[in-house]
Amino acid sequence: TYFPEEKPGRKSVTIGFVFLTLLAFLMSLSNFIVVAYTEEGTVFGWGQLAFLVFTIVVAYTEEGTVFGWGQLAFLVFMMLGFGYSLVVLIRKYKKHKNTLHGPQIKYVLIGLSVSITIALSTNIVMPLLHLGEIRFLGPLAMVAFLTATTYAIIRYRLMDIRLVMRRSFIFAGLALFVFFAYYATLWLDTKLFGGPYTSGAYLAALVITPIFLLAFSRLSRILKSVANKYFFAGLYDHQETIDTFASKVSKTIHLNEVVGVIIETIENTLRIDNIAVALRKPGDDGSFDPLEIHGFGRAELNQICRQKDLYSYFVLSQKPLVVDEFLKLDERTSDQAARITADLKRFGIAICLPLITKKRINSLVILGQKISREAYTKEDIELLMTLSHQAAVALENARLYADMQEVVDEQTKDIKEMNTRLQELLKMKSEFLTVASHQLRTPTSIVRGYLSMAVDDKDRMPSDQREMLIKNALAGVNRLERIIHDLLSVTELEGGMVLADEVRVKEAIRNLVDNAIRYTEKGHVSVALRAMQEDKKAEIIVEDTGIGMSDNDKKHLFGKFVRGEGVLQVHPDGTGLGLFITRQFIELMNGTVQAESAGKGKGSTFKITLPIAPKL
């Protein structure tokens, strides 16, 4: 009636059954029921009237068993009692078939059925056929029931009796220690001080008590260690585990560290080596993304984490899924349940633990079998459920922190990039003002000087001298215009020009040709165009026999405001922007500029390479 739900019935019924059982047991130890066993048969006492079951057999003779008038009542009692028990168990098995209670009920039912069949056959049916000599098999039939029940205890956590045995071992050991410590202390007090209530005994207690406490604590640890070793599973203190986990997880906000604490706590407490933590993917698709995996294969775990049916189960149940006790939600989901269970068992998964905050599943802890291959106990499941509440909050906070940190890092990156760009612009501004101040002041001073001389001495100055001053002033203005043009070109390039046209190509070529002419005092300057059809490129080559370049010049040649070594003696008026402008123009057109020289005084070669436009 009460198996296996653990639901208490009416107290009066329970007390009545207990009373009758105790009374029957006590009477069986007396001569109230059976007076004696003689050669003529069994002699019953007056107590047989109290229990009809004992009025069946009058005597055992050579011809067979002689039954009394209570036989009919006994048979009715046995058949109704055992029959009702079997019917109740069958109904319960159908109800709990797909839960952990299903296998428990099944093996108890099998064991009880076999035992009842053998007992009734050997003690009731066989004697009617004059085969009473095998009645000794009746009590032995209980072996079948005990064997099946033992298997249910070991394999399917029936009554969690293994946990009781482990704890009983520890409590019994500590109780024996206290017992012997008490009488050992009493004996010493009597021998040394004449009794336990003397002054000497009280003073000795001040020394004995701390020694006793230390020994008690040490023995407790030893007994737990022995229980762990010989009872195949570690014992743990539920509250201590929760407190330790809360202490560790509260010291970090980083997602990977929180996951590490969760895995470490469960691994060490439940003694498992296959465990994984998966985070729910953004959106409502019901899939998870494995974050850390120990022992499982990633491909198999990814398949489980994409199970929409599994997610649906968690949404409806809001509780862990223990594979051995997976309950079908209703008839419509039977195929779904079977599919989920088959996948989980195939990949060695024993428990899926959802981590839920505000009724929303944010992550999943997946556990394999214990190292000892024991089933998870009721206490294990309760511990996991308690841990899941704290772990869910810790993971959610860590995930929010990670998302916020990502946003902050992205914004910080943008700020750093803008700051770098600002520093570059400030540097450019400083360089521009320095060069502009120097480059513009010189031609301006020249023009101003020539024009001033022409104005001040216009009456006394010969016409040919005045004409020379005007020409020099015009040359200074032309130079000033060229400098301004170069500076404006640099400013335009810094602004990100991305379109190119023939004007820019001409200007790039002109810069190279002008440089070649300026820095070639003798020899020649040649310009060539070569089409490379295979590479679909065109090459413009400007070669001179001028002052050449050193290796150091070639490293910095295309920088802003850079001029080579010794060029000031040849051409002092350069701005150091021509080659920089040329390279920028060409690269914006997806081309390249290269400079080659055999060394100082050995001339230079500049090559512009541009892609050939496809034919329309």
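This write-up is about the structure you can find in this document.

Backbone-to-backbone hydrogen bonds pair the strands of a sheet. The strands run either parallel or antiparallel. The four strands lie next to each other as S10-S11-S13-S12, forming an open sheet whose pairing is antiparallel. Both outer strands of the open sheet, strand S10 (525-532) and strand S12 (592-596), are each paired with one neighbouring strand and no more. Sheet twist, expressed as the average angle between the axes of neighbouring strands with direction ignored, equals 15°. The sheet contact formed by S10 and strand S11 (residues 537-544) spans eight bridges and is antiparallel. In the strand pairing of S11, Arg 530 is matched with Glu 539. Sheet strands touched by helix H15 (residues 502-518): S10, S11 and strand S13 (604-611). Its angle to S11, the strand with the most contacts, is close to 20°.

Ile 262, Ile 266, Ile 351, Val 365, Leu 367, Tyr 376 and Leu 395 are the most contacted members of the largest nonpolar core, which totals 32 residues. If one sorts the elements of this core by residue count, helix H13 (residues 378-456) sits on top with nine residues. Apart from the residues lying within four places of it in its own chain, the contact partners of Leu 367 are Ile 266, Ile 272, Asn 274, Ile 275, Phe 296, Ile 349, Ala 350, Ile 351, Tyr 376 and Leu 384.

Quick look at helix H10 (residues 298-305) now. Every buried residue of H10 is accounted for by Leu 301, Ile 304 and Cys 305. The arc that holds the buried residues of H10, viewed along the axis, is 95°, so those residues lie on one side.

The full count for this structure, using the stated rule, is five salt bridges. Note that Glu 539 and Arg 530 form a salt bridge whose closest N and O atoms lie 2.3 Å from each other. Residue class for Glu 539 comes out buried when judged on its relative accessible area of 8%. Judged by its relative accessible area of 43%, Arg 530 is partly exposed.

Procedures and definitions
Residues numbered from 1 in each chain as written. Predicted model: local features only at pLDDT ≥ 70, side-chain atom pairs only at ≥ 80, totals over all residues. Heavy atoms only, no water. Pairing = 2+ DSSP bridges. Helix = DSSP H or I, 4+ residues; strand = E, 2+ residues; numbered from the N terminus. Axes fitted to C-alpha atoms, helices over the stretch in contact; angles between N-to-C directions. Contact = heavy atoms within 4.5 Å. Core = buried A, V, L, I, M, F, W, Y, C linked by side-chain atoms within 4.5 Å. Buried < 20%, exposed > 50% of the residue type's maximum accessible area, 1.4 Å probe, protein only. Arc of directions from axis to C-beta. Salt bridge = Lys/Arg side-chain N within 4 Å of Asp/Glu carboxyl O.

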